[in-house]
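Here is how the chains run, residue by residue.
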Amino acid sequence: MKTSNQAQAWSREEFERRLRAKGAGYHIHHPYHVMMNQGRLGPEQVRGWVVNRFYYQMSIPLKDAAIVANCPDRAVRRIWIQRIIDHDGSGGDEGGIEAWLRLGEACGIAREEMWGLKQVLPGVRFAVDAYVDFARHAPWPEAVCSSLTELFAPTIHQSRLDHWPRHYPWIERSGYDYFRRRLSEARRDVDFALDFTLGHFTSRAQQERALEVLQFKLDVLWSMLDAMYVAYVDRIPTSAAAAAGRPGDGA
């Protein structure tokens, strides 16, 4: 039996097909996300997602700065740095983090509460921190590859724009700017990252590693929603909560 080091590399087309096939595990298919996009969550459950997801949003520039810091290729750095600007803002553009803060305000969450991070669940914090740590310590091409979950992102942003105003009329329309801006930004970002990944990971072993890296990132996003589901949908029973030193549902 051939090992991955001996196996023939997949063609560029087959490699891309396998990367895109990973979309079957994208967090849009998580029960929490399915419920959210079907309008089946209450206001506090939606707010819980917005608050916890903010920790991920504010960590994205840290992840991208780590990639830039580790990358010796000037041409790649000049392209990748735009991602930091997209989220942190520059000049007249306040950036994606500010847009997410406005989403929180549109949902009735004060920006001070968002920045305070007191509502960020331990499971969400652990998953996001693991992703940033990966970007800091992994070979920079692997960190670039991990961003390929953006292959599946435009669909999810468009779905929110199409359905949330009907499902959640209590959210002010001004809060949807983040989703609108990411429609074009995500497509631009993924064009570069996908072309780089297809061109850099050329041996079978490298290609299989790229699939592992993409699965890791998918697992990060899925784990975040696991934590939210337990906290806001399927709550820990009172007895278990007490044993863990936390207030139960009746506290």
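What counts, and at which threshold
Starting from 1, residues in each chain are numbered consecutively following that chain's sequence as written. Residue-level local features of this predicted model are given only where pLDDT is at least 70; pairs of side-chain atoms are given and counted only at 80 or more, and the full residue set underlies all totals for whole chains, interfaces and linings. Note that the side-chain values use all heavy atoms of the structure and ignore hydrogens as well as water. Here a strand is any run of E in DSSP of at least two residues, a helix any run of H or I of at least four, and the numbering for each starts at the N terminus. Radius of gyration means the value over C-alpha atoms here, while the globule rule gives 2.2 Å times the residue count to the 0.38 power. Exposure is judged per residue with a 1.4 Å probe applied to protein chains only, and the accessible area is read against the type maximum: over 50% gives exposed, under 20% gives buried, and values in between give partly exposed. In what follows, residue pairs with any heavy atoms lying within 4.5 Å of each other are defined as contacts. All accessibility values rest on the Shrake-Rupley procedure with a 1.4 Å probe; residue burial counts only the protein chains present in the view. Working convention for charge: Lys and Arg count positive, Asp and Glu count negative, and His plus the chain ends are omitted. A charge is said to be at NZ when it belongs to Lys, at CZ for Arg, at CG for Asp and at CD for Glu. Computed over the protein atoms alone on a 1 Å grid, cavities are sets of points where a 1.4 Å probe fits but cannot get out and pockets are open sets with protein on both sides within 12 Å along at least five of seven lines; a residue lines them when it has an atom within 4 Å of a point. Grid points are joined across faces, edges and corners, and a volume is the space filled by probe spheres set on the points. Side-chain classes follow a simple rule in which Ala, Val, Leu, Ile, Met, Phe, Trp, Tyr, Cys and Pro form the nonpolar group, Asp, Glu, Lys and Arg form the charged group, and the remainder, Gly included, forms the polar group. For a helix, the expected span equals 1.5 Å multiplied by the number of residues minus one. The definition of a polar contact used here is a pair of N or O atoms within 3.5 Å, where within protein one atom must be able to donate a hydrogen and the other to accept one, and adjacent residues in sequence count solely through side-chain atom pairs.

For this particular structure, what's the right way to read the overall build of the protein chain?
Along its length, the protein chain carries twelve helices and zero strands. N-terminal to C-terminal, the α/β element order of the protein chain is α-α-α-α-α-α-α-α-α-α-α-α. Taking 18 Å as the expected radius of gyration for a compact globule of 251 residues, we find that the protein chain reaches 19 Å, a close match to that expectation. Once the C-alpha set of the protein chain is aligned to its principal axes, its extents read approximately 60 × 50 × 30 Å. Taking all 251 residues of the protein chain together, the buried fraction comes to 50%. Restricting to contacts in the protein chain with at least 6 residues of sequence separation, those with at least 24 account for 77%. Accessible area of the protein chain: about 12100 Å², with a carbon and sulfur share of 52%. The positive charge centre, built from 32 side chains, and the negative charge centre, built from 31, are 2 Å apart in the protein chain.

Where do I start with empty space enclosed by the protein in this structure?
Space left empty within the atom packing is revealed by a probe, the size of a water molecule, rolled over the atoms. Evaluation of the coordinates by the stated rule reveals one cavity of 30 Å³ or more. There is about 250 Å³ of room inside the largest cavity. Taken together, 24 residues make up the lining of the largest cavity; nearest its centre are Arg53, Tyr56, Ile60, Glu150 and Arg182. Counting residues per element, the ones that place at least two in the lining of the largest cavity are helix 3 (43–70), helix 4 (74–88), helix 9 (153–167), helix 10 (177–200) and helix 11 (204–232). Of the residues belonging to the lining of the largest cavity, the class tally is nine nonpolar, six polar and nine charged.

Sorry if this is basic, but what is going on with helix 5 (residues 95–106) here?
The α-helix winds at 3.6 residues per turn, so residues separated by three or four positions along the chain end up facing the same way. Relative to the 16 Å expected for twelve residues at 1.5 Å per residue, helix 5 spans 17 Å between its end C-alpha atoms, a close match to the ideal helical length. Burial of helix 5 is extensive: ten of the twelve residues sit out of reach of the surface. On its buried face, helix 5 is in contact with helix 3, helix 4, helix 6 (111–116) and helix 10.

So what exactly am I meant to see when it comes to the side chain of Asp86 here?
The residue Asp86 is located in helix 4 in this model. A polar contact of 2.2 Å, which involves the side chain of Asp86, links it to the side chain of Arg188. Apart from the residues within four sequence positions on either side, Asp86 is in contact with Gly95, Gly96, Arg181, Arg182, Glu185, Arg188 and Asp189.

These figures come from the coordinates and say nothing about function on their own.
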